[in-house]
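Structure assessment
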Amino acid sequence: MQIADKCVVAIDYTLTDDDNNQLDSSAGREPLHYLHGAKNIIPGLEAALTGKSVGDELRVDLEPEQAYGPVDPELIQSAPHSAFDDMSQVKPGVQFQAQGPDGQVRIVTVKEVRDNDVVIDANHPLAGKALHFDVTVKEIREATQQELDHGHVHGPGGVHE
Ligand SMILES: [Zn+2]
């Protein structure tokens, strides 16, 4: 069986950046299960997996545009201290959830704490980074109709029923 749309795929992966820092890995955990063709994973990785079989190992090198996109300068903004419940928790590198103008919850990273305001960055933490995945395909199966309806995987390695 080869990976195609409407397959549930399990992969082991290690994600590194250009400096060979490990950013994420499934080592020691369940493999990542995802629904192929449903945008569960980033587009460049999904495209590279199409047509692969169980046991295949691949190295996928992605430019930022194929991963989490370039850094958008408009998403780097300043907020007054009064926007934060507890300023003692606000330090560079701290991440918190905020609701954007579109109502979507996004992760915001504190860039700098200044006397009068705080510089916050609502770009994805991996925006602007080239990413390198080492992937092993562990399992491929057909998705159930319910999984296709929901657009995600159920059962082991997946989400709720
Ligand atoms: Zn569901």
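Please refer to the structure higher up on the page.
Cut-off values and rules
Residues numbered from 1 in each chain as written. Predicted model: local features only at pLDDT ≥ 70, side-chain atom pairs only at ≥ 80, totals over all residues. Heavy atoms only, no water. Helix = DSSP H or I, 4+ residues; strand = E, 2+ residues; numbered from the N terminus. Buried < 20%, exposed > 50% of the residue type's maximum accessible area, 1.4 Å probe, protein only. Contact = heavy atoms within 4.5 Å. 1 Å grid on protein atoms, 1.4 Å probe; cavity = no way out; pocket = protein on both sides within 12 Å on 5 of 7 lines; lining within 4 Å. Points joined across faces, edges and corners; volume = space filled by probe spheres on them. Nonpolar A, V, L, I, M, F, W, Y, C, P; charged D, E, K, R; others polar. Pairing = 2+ DSSP bridges. Axes fitted to C-alpha atoms, helices over the stretch in contact; angles between N-to-C directions. Salt bridge = Lys/Arg side-chain N within 4 Å of Asp/Glu carboxyl O.

Attention now moves to the environment of Pro64. Relative to the assigned elements, Pro64 resides in the loop between β4 (57-62) and β5 (76-80). Judged by relative accessible area, Pro64 falls into the buried class, the value being 12%. Counting along the chain gives 67 residues from Pro64 to Leu131, while the straight-line C-alpha distance between them is 7.2 Å. Other than its neighbours up to four places away in sequence, Pro64 contacts Gly69, Gly128, Lys129 and Ala130.

Gaps left between atoms show up when a probe the size of a water molecule is rolled over them. As a volume, the largest pocket reaches approximately 250 Å³. Lining the largest pocket are 16 residues; nearest its centre among them are Tyr13, Leu15, Asp24, Tyr68 and Phe133. Within the residue set of the lining of the largest pocket, elements represented by two or more residues are β1 (7-16), β2 (22-25) and β9 (131-142). If you tally residues by element for the lining of the largest pocket, the top one is β1, at three residues. Per-class residue counts for the lining of the largest pocket are 12 nonpolar, two polar and two charged.

Okay, the sheet that holds strand β7 (residues 105-113) next. One open sheet holds the four strands; their spatial order is β5-β8-β7-β6, and the pairing between them is antiparallel. Strands with a single pairing partner mark the edges of an open sheet, and in this sheet they are β5 and β6 (95-99). In this sheet, adjacent strand axes meet at a mean angle of 45° when their direction is disregarded. Where β5 lies against strand β8 (residues 117-121), five bridges are found, and the strand directions are antiparallel.

On to the pattern of salt bridges. Pairing between side chains of opposite charge can happen when the charged atoms of each approach one another. The final tally for this structure, using the stated rule, is seven salt bridges. A salt bridge links Asp12 to Lys138, with the shortest nitrogen-to-oxygen separation between them at 3.6 Å. On the criterion of sequence distance, the pair formed by Asp12 in strand β1 and Lys138 in strand β9 is long-range, its members being 126 residues apart. Judged by its relative accessible area of 22%, Asp12 is partly exposed. On the basis of relative accessible area, Lys138 is assigned to the partly exposed category, the value being 43%. Between Arg141 and Glu147 there is a salt bridge, with the nearest N and O atoms lying 3.0 Å from each other. You can call Arg141 partly exposed: its relative accessible area is 25%. Beyond isolated ion pairs, a larger network of salt bridges with shared partners links Arg59, Asp61 and Asp134.

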